[in-house]
Every structure is written in C-alpha cells, then in structure tokens.
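# Secondary and tertiary structure notes
If you want the building blocks of each chain, they are given just below.
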Amino acid sequence: MDDPPDWLPEIFEFDGDWNAFVDAVYAKFCDDVVRSIVLFQGSRVSVRRVPETDGKGFGFWHCVSEGHDETSRTPDLSRCERICWIRAVIENHPDPRIDHWTNQRGRDTHHLLWLDEEYLVVLAQRNGYFLLKTAYLTQRGHTVRRLRKERDSSKNG
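Just so we're clear, the structure is a prediction, and the values are computed from it rather than from any experiment.

### Regarding the layout of surface pockets
Approximately 770 Å³ is the volume found for the largest pocket. Here the lining of the largest pocket takes five residues from helix α5 (residues 141-155), the largest share from any one element. Tallied by class, the residues present in the lining of the largest pocket amount to six nonpolar, 11 polar and 10 charged.

Okay, structure coming up:
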C-alpha cells in the first residue's frame, strides 16, 4: 500500500521470538475485537471462540493462518502483522478506499470489506450481529481477480 490512510495502524513487527509474537498478536486481537465493542452498520461484531487451540480462540486462528483444512492451517506472518487492521477497516468501512459488497456462501450472507484491493475483512451477517470470519492480505493475482469480478458483479447488479 503506497499511501495508507491516516486511520490505519502500523503493522505489528515480528521480533524474532515466534511464541512471544503470537501472544502479543493475540492480546491485541482480544483488545480490539473480543473485549471491545466493535460495530458494523449499527450491530456488534463478534468472534467465534471455540474450539480453542493453545488457549486461543478459533476466530483468532482463522484471522492469522491460512489453508483450506481447518485442522491444519498454517500461521501467516503477514496476517499476524496486520491484526490491528481488522478493527480499523470495520470502523472505517465508509471510507471510499474500502470497497464493500455482499455475497452468499450457503445460507450465510457475507459482507466483504476490501481496503485498496489489498486487505480483506469478511463478516458473516447473523441475526442481530455480525461474526468476524477472517481477514487477510490479497496478494495472489488469482485472488485479486476473483474478488474484483465478484465486487464488480455485485455492484453492477
């Protein structure tokens, strides 16, 4: 991101101690989205906590790791470094630099918040609240193309 918005926090720097880093990232995640009230479109954003792994909730691991198989996801440094971007993107979703559209996955309606076509936050709409599903950098060309196509299709009806 060449010129990040003023409201976007600095990334978490990895200090070389992976366990301490993950603990610090988890503490920030809890401060930002678990123990704080985060609102999207006037409704609270919640996080899935179970099942836990290493004392950390499911929603956290889904935001800092990648992989299709939920039982064998791999931690991703770029996701960890940007953990503090989740709340910032949700709270600043009206910013013109954030594209917002919805899609259907099964019976779920997802709200996608895409900052500068580089960082995506996905919220599932529930009855009276939103559930944070995941957040990640969209660095792969095929991912960007797929998201652009979906966004453009959604906006064009």
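The structure having been displayed, the exposition proceeds.
### What about the state of the cysteines?
In total, this model carries zero disulfides according to the counting rule given. C63 provides the cysteine sulfur closest to C30, a residue in no disulfide bond, and the two sulfurs are 11 Å apart. Residue classification places C30 among the buried positions, given a relative accessible area of 5%. Counting only cysteine sulfurs, C80 is the nearest neighbor of C63, a cysteine outside any disulfide, at a range of 10 Å. The buried category is assigned to C63, whose relative accessible area is 1%.

### Brief notes about the side chain of H93
By the secondary structure assignment, H93 is in the loop between α4 (85-91) and β5 (98-105). Judged by relative accessible area, H93 falls into the buried class, the value being 18%. A polar side-chain atom of H93 sits 2.9 Å from the main-chain carbonyl oxygen of I90. Each residue touching H93, except ones within four places of it in the same chain, is listed here: F40, Q41, I98 and L113.

### Quick notes on the packing of aromatic side chains
Applying the stated criterion to the full structure yields 10 aromatic pairs. Taking the centre distance of 5.1 Å and the plane angle of 75° together, the rings of F14 and F21 count as edge-to-face. Classification of F21 as buried rests on a relative accessible area of 2%. In this structure an aromatic cluster arises from ring pairing among F12, F14, W18 and F21. Taking NZ or CZ as reference, K56 lies 5.5 Å from the ring centre of Y26, over its face. A cation sits over an aromatic face here: R82 above W85, 5.2 Å from the ring centre.

### Notes on the pattern of salt bridges
Within this structure, the stated rule accounts for 12 salt bridges. As a salt-bridge pair, E81 and R82 come within 3.3 Å of each other at their nearest N and O atoms. Assigned by exposure class, E81 and R82 land together as buried. Through salt bridges with shared partners, a single ionic network connects D99, E117, R148, R151 and D152.

### Brief notes about the pairing of strand β6 (residues 108-115)
Consecutive side chains of a regular strand alternate in pointing toward one face of the sheet and then the other. Along β6, six of the eight residues are buried, which leaves the element largely enclosed by surrounding structure. Here β5 pairs with β6 via eight bridges, running antiparallel. Residue I98 lies in a different strand from β6, and its bridge partner there is L115. The hairpin turn running from β5 into β6, its antiparallel successor, is two residues long, and G106 in that turn takes a positive phi close to 65°. Where β6 lies against strand β7 (residues 119-125), seven bridges are found, and the strand directions are antiparallel. For T109, the partnering residue across the bridge sits in β7 and is Q125. Linking β6 back to β7 in an antiparallel pair, the connection comprises three residues, with D116 at a positive phi of about 50°.

How each quantity is defined
Residues numbered from 1 in each chain as written. Predicted model: local features only at pLDDT ≥ 70, side-chain atom pairs only at ≥ 80, totals over all residues. Heavy atoms only, no water. 1 Å grid on protein atoms, 1.4 Å probe; cavity = no way out; pocket = protein on both sides within 12 Å on 5 of 7 lines; lining within 4 Å. Points joined across faces, edges and corners; volume = space filled by probe spheres on them. Helix = DSSP H or I, 4+ residues; strand = E, 2+ residues; numbered from the N terminus. Nonpolar A, V, L, I, M, F, W, Y, C, P; charged D, E, K, R; others polar. Disulfide = S-S within 2.5 Å. Buried < 20%, exposed > 50% of the residue type's maximum accessible area, 1.4 Å probe, protein only. Polar contact = N/O pair within 3.5 Å; in protein donor to acceptor, adjacent residues only side chain to side chain. Contact = heavy atoms within 4.5 Å. Phe/Tyr/Trp six-rings, centres within 6.5 Å; stacked < 30°, edge-to-face > 60°. Lys NZ or Arg CZ within 6 Å of the ring centre and 35° of its normal. Salt bridge = Lys/Arg side-chain N within 4 Å of Asp/Glu carboxyl O. Pairing = 2+ DSSP bridges.

Nothing here speaks to function; it is geometry throughout.
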